[in-house]
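Structural characterization, general
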Amino acid sequence: MNAALFRHTWRLQRIKLALISLGLFAWGCFPPVIYARFGVQFETMLQSGIFPEQFARFGNGDIFSLTGAVALSLIHPIALILTSVFAVGFSAGAIAGERQRGTLEVVLARPIERRVLYFSLLGSAFLFLGIAIAALLAGCAIGSAFAGVLAQLPVARLPLVWLNAMLLFGAFAAIGLAASASFDRFSPALGSTLAIVVVMYLLEVLGSLWPDAAFLQKYSLFHYLKVKTTLAGAATPVDFAILAAAVAGAVGWAVLIFPKRDLSAPI
Amino acid sequence: MPAIRTTGLTKRYGAIRALDGLDLEVQDGEVFGFLGPNGAGKSTAIRLILGFLHPTAGSGQVFGHDIVTASVAIRQRIGYLPGGIAFYDTLTGLEHLDFLARLNRRLPTRRAELCDRLELPARTLSRVVRDYSRGMRQKLGIVQALQHDPELAVLDEPSEGLDPLMQRAFYAILEQLKREGRTVFFSSHVLSEVERVCDRVAIIRGGRLAAVEEIARLRTRRWRNVTVQFDGGGAPPLDNVAGVSDVEVRGNRMTCRVSGDIGPFLAALTQLRVVDLTIEVPRLEEAFLDFYDDRAMT
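What you are looking at is a predicted structure, and each value in this text was computed from that prediction instead of being measured.

**Points about the overall build of chain B**
A tally of regular secondary structure across chain B gives 11 helices and 14 strands. With the C-alpha coordinates of chain B rotated into their principal frame, the extents come out at 70 × 50 × 35 Å. In chain B, the share of contacts with a sequence separation of at least 24, taken over all contacts with a separation of at least 6, comes to 69%. Here chain B holds 39 positive side-chain charges and 38 negative ones, and the gap between their average locations is 4 Å.

Below is the structure:
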């Protein structure tokens, strides 16, 4: 890690980080409130058989339990879009975007190893995601307290949920940075990362809504975000290990490829 | 030890040879000009030296450090101005200079002096770069490249976008660097600039080094295209004047080529009533290649 580069990245992203964190915090407040206000009614409707049970269980989340509501807050498209600002947008642009703009060569003309540059950017991405996810979980806790259901939330297990979510979105950030290190331009880096995230999301959602497609879920990294299980104290190390392996794989690729790449003149 | 030495440095992209067997030596303390048309391989050579590209064949050293295995050690001693330098639009000029100086891990000992010479006052440096004109960006680029007093400055088209006054200030900076024993390696298209500040010049064409020559030597061999418009009388007797060749007379207009000392030619013109006189200095590339063609024939 290079401290100067890290501070520089922080400086460029801090306003965006503040806005995203605020947005995630606000969003995190909602599902517990909805659960507290309408959870019972929804469960009654579900039990009446009006609509299939799967339709009320989006990903691993639901609104019939507080833990399900917290899970929903993390897997919902709103959360996905907001965290993707860093997990996909920042990471995909961190190298390829700077290269396209021409600022990368000004930085790399300094005595900095490319691996140091890479790890500084990876560290920044993880920090931004860590703050953003913490803001969302803090929103869940505050929302629960506001709705008077905080006692149902195992707050002590929230750090483990944070770690689980960090590994998931960290894996996407690592994939984004690996793509960024592999392409000369921002658009292919962004496009390939976005495609991976969207396909994995669809596999998870499709599998959770359609029992015949449930086998697809294991191919999605989203499947290993086990918020309800973790909050229930039944988290399995395998889920965390699979996400960590995805991070390690993407980091390994980038560390291998980036120092060997030719950085020709900006296009 | 030369500041830069390349041996058979080659960069290929598939079948395309961007740089083909570059053999070059730039001495420590020398101001070295690097000329060539677009796509000739100038930027490729510079990017290989800086470690942005990996050579397909050949080798290179900067201050004795290998360009592939010791790139970081090389960049520790270099100041680099890329052609058409890009900045972070939301940062101020001063924030850029501070950030880049921190990355260099060297104190920006020359910053104040450079900003003073290039007329970049604190008020300008406190503005965000997106508000800068092209010339101001170029000045900021020069300052960031030299503020940490590098032993070797690699400058790609450094005077692009500078007004004549600032160009003069920039040349004065180069002359000072030269006096202080710093090495400068820069690419340019401007003949007067190269002539004014360089000790030697290299020309590169189609990825190959066409020639390397001392500026002083080139100057003595340089020719000019002369057009004279005269009033009345016949063709002037110039055939026996030293340095004059290719004389062509059409009516009251004469063209010729004059090389070396122009004095005898001007003396011969006193026999005429000259209405107009145009002396065109050839582009350095032409002069250079002409010189080498001549030498190849002798």
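**Re the nonpolar core**
Within the largest apolar cluster, 152 residues are counted, with the highest numbers of intra-cluster contacts made by Phe172 of chain A together with Phe185 of chain B. Top element by residues in this core is helix H7 (residues 158–182) of chain A. It accounts for 15 residues. Among all residues touching Phe185 of chain B, those that are not within four sequence positions of it are Ile4, Leu24, Val26, Phe32, Phe34, Ile46, Ile49, Leu152, Ala153, Val154 and Leu155 of chain B.

**Observations concerning the pairing of strand S1 (residues 4–13) of chain B**
Residue and element names in this part refer to chain B. Two strands pair when backbone bridges link them, and S1 and strand S4 (residues 57–62) are joined in this way by five bridges, in the antiparallel orientation. Paired with Thr7 across the bridge in S4 is Ser59. Pairing of S1 with strand S2 (residues 16–26) involves seven bridges; the strand directions are antiparallel. Looking across to S2, one finds that Lys11 is bridged to Leu19.

**What about empty space enclosed by the protein?**
If you walk through the whole model with that rule in mind, you get four cavities of 30 Å³ or more. By volume, the largest cavity is sized at about 60 Å³. Taken together, 10 residues make up the lining of the largest cavity; nearest its centre are Arg99, Leu104, Glu105 and Leu263 of chain A together with Arg47 of chain B. With three residues, the single largest contributor to the lining of the largest cavity is helix H5 (residues 103–108) of chain A. Partitioned by chemical class, the residues of the lining of the largest cavity number five nonpolar, two polar and three charged.

**Remarks on the packing of aromatic side chains**
In this structure the tally under the stated criterion is 12 aromatic pairs over all chains. Taking the centre distance of 6.4 Å and the plane angle of 65 degrees together, the rings of Phe169 of chain A and Phe172 of chain A count as edge-to-face. Of this pair, Phe169 of chain A and Phe172 of chain A both sit in helix H7, three residues apart, which is roughly one turn of the helix. With respect to class, Phe169 of chain A is no different from Phe172 of chain A; both count as buried. Among the aromatic residues, those joined into a cluster by ring pairs are Trp10, Phe86, Phe90 and Phe128 of chain A. One residue, Arg77 of chain B, lies across the ring of Phe63 of chain B, its end atom 4.1 Å from the ring centre.

**Focus on the interface of chain A and chain B**
The interface is formed by 29 residues belonging to chain A together with 27 residues belonging to chain B. Buried area between chain A and chain B, both sides added, is near 2500 Å², and the carbon and sulfur share of it is 57%. When the buried area of chain A at its contact with chain B is split by residue, Glu105, Arg110 and Pro111 of chain A rank highest and sum to 27% of it. On inspection of chain A and its partner chain B, the count reaches three salt bridges. With a closest N to O distance of 2.4 Å, Lys11 of chain B and Asp262 of chain A form a salt bridge. For the pair chain A and chain B, the number of links is 18 residue pairs in polar contact (both at pLDDT 80 or more). Elements supplying a minimum of two residues to the side of chain A that touches chain B: helix H1 (3–47), helix H4 (96–101) and H5 of chain A.

**Some points on the sheet that holds S1 of chain B**
Residue and element names in this part refer to chain B. Across the sheet, four strands lie side by side as S2-S1-S4-S5; this open sheet has antiparallel pairing. Looking along the sheet, the strands with just one partner apiece sit at the ends: S2 and strand S5 (65–66). Across two bridges, S4 lies against S5 in antiparallel orientation. In the strand pairing of S5, Val62 is matched with His65.

**With respect to the confidence of the model for chain B**
The predicted coordinates of low-pLDDT regions are not to be read in fine detail. On average, chain B scores 87 in pLDDT, and the residues at 70 or more come to 92%. This complex was scored by the predictor with a pTM of 0.86 and an ipTM of 0.84.

**A word on the pattern of salt bridges**
Residues and elements named next belong to chain B. Overall, the coordinates contain 25 salt bridges over all chains when judged by the stated rule. Across the pair Arg110 and Glu113 runs a salt bridge whose closest N-O atoms are separated by 3.5 Å. Judged by relative accessible area, which is 7%, Arg110 ranks as buried. The partner of Arg110 in a salt bridge is Asp149, and the shortest N-O contact between them spans 2.8 Å.

**Let's talk about unusual backbone geometry**
Not every positive phi belongs to a glycine, and Asp149 of chain B is a case in point at roughly 55 degrees. With respect to the helices, strands and loops of the structure, Asp149 of chain B is situated in the loop between helix H6 (134–146) and strand S7 (152–156).

**A short note on the layout of surface pockets**
Residue and element names in this part refer to chain A. Counted as a void, the largest pocket has a volume near 520 Å³. Forming the walls of the largest pocket are 24 residues, and the residues nearest its centre are Leu12, Gln13, Gly93, Glu98 and Arg101. Only H1, helix H3 (77–94), H4, H5 and helix H6 (114–147) provide two or more residues apiece to the lining of the largest pocket. Of the residues assigned to the lining of the largest pocket, the class counts are 12 nonpolar, eight polar and four charged.

**Notes on the side chain of Glu98 of chain A**
One can find Glu98 of chain A in helix H4. Residues in contact with Glu98 of chain A, not counting those within four places in the same chain, are Gly93, Thr103 and Leu104 of chain A together with Tyr88 of chain B.

**Details of the environment of Ser245 of chain B**
Residue and element names in this part refer to chain B. Its place among the elements puts Ser245 in strand S12 (residues 244–250). On the basis of relative accessibility, which here comes to 29%, the residue Ser245 falls in the partly exposed class. Once the C-alpha coordinates of Ser245 and Arg110 are considered, the two residues, 135 residues apart in sequence, prove to be 50 Å apart. Excluding residues within four positions of it along the chain, Ser245 makes contact with Cys256 and Arg257.

**Focus on the environment of Val241 of chain B**
Residue and element names in this part refer to chain B. Its location among the elements puts Val241 in the loop between strand S11 (223–230) and S12. Put simply, Val241 and Gly263 are 22 residues apart on the chain and 9.9 Å apart in space, counted from C-alpha to C-alpha. Beyond its immediate sequence surroundings of up to four residues, Val241 is in contact with Pro264, Phe265 and Ala268.

**Let's talk about the environment of Gln176 of chain B**
Residues and elements named next belong to chain B. Its place among the elements puts Gln176 in helix H7 (residues 164–179). On the basis of relative accessible area, Gln176 is assigned to the buried category, the value being 13%. Excluding anything up to four places from it in sequence, Gln176 contacts Arg110, Glu113 and Arg117.

Each value, and the rule that gives it
Residues numbered from 1 in each chain as written. Chains lettered and ligands numbered in written order. Predicted model: local features only at pLDDT ≥ 70, side-chain atom pairs only at ≥ 80, totals over all residues. Heavy atoms only, no water. Helix = DSSP H or I, 4+ residues; strand = E, 2+ residues; numbered from the N terminus. Contact = heavy atoms within 4.5 Å. Lys, Arg positive; Asp, Glu negative; His and termini not counted. Charge placed at Lys NZ, Arg CZ, Asp CG, Glu CD. Core = buried A, V, L, I, M, F, W, Y, C linked by side-chain atoms within 4.5 Å. Buried < 20%, exposed > 50% of the residue type's maximum accessible area, 1.4 Å probe, protein only. Pairing = 2+ DSSP bridges. 1 Å grid on protein atoms, 1.4 Å probe; cavity = no way out; pocket = protein on both sides within 12 Å on 5 of 7 lines; lining within 4 Å. Points joined across faces, edges and corners; volume = space filled by probe spheres on them. Nonpolar A, V, L, I, M, F, W, Y, C, P; charged D, E, K, R; others polar. Phe/Tyr/Trp six-rings, centres within 6.5 Å; stacked < 30°, edge-to-face > 60°. Lys NZ or Arg CZ within 6 Å of the ring centre and 35° of its normal. Buried area = accessible area lost by both parts, 1.4 Å probe. Salt bridge = Lys/Arg side-chain N within 4 Å of Asp/Glu carboxyl O. Polar contact = N/O pair within 3.5 Å; in protein donor to acceptor, adjacent residues only side chain to side chain. pLDDT = per-residue confidence, 0-100.

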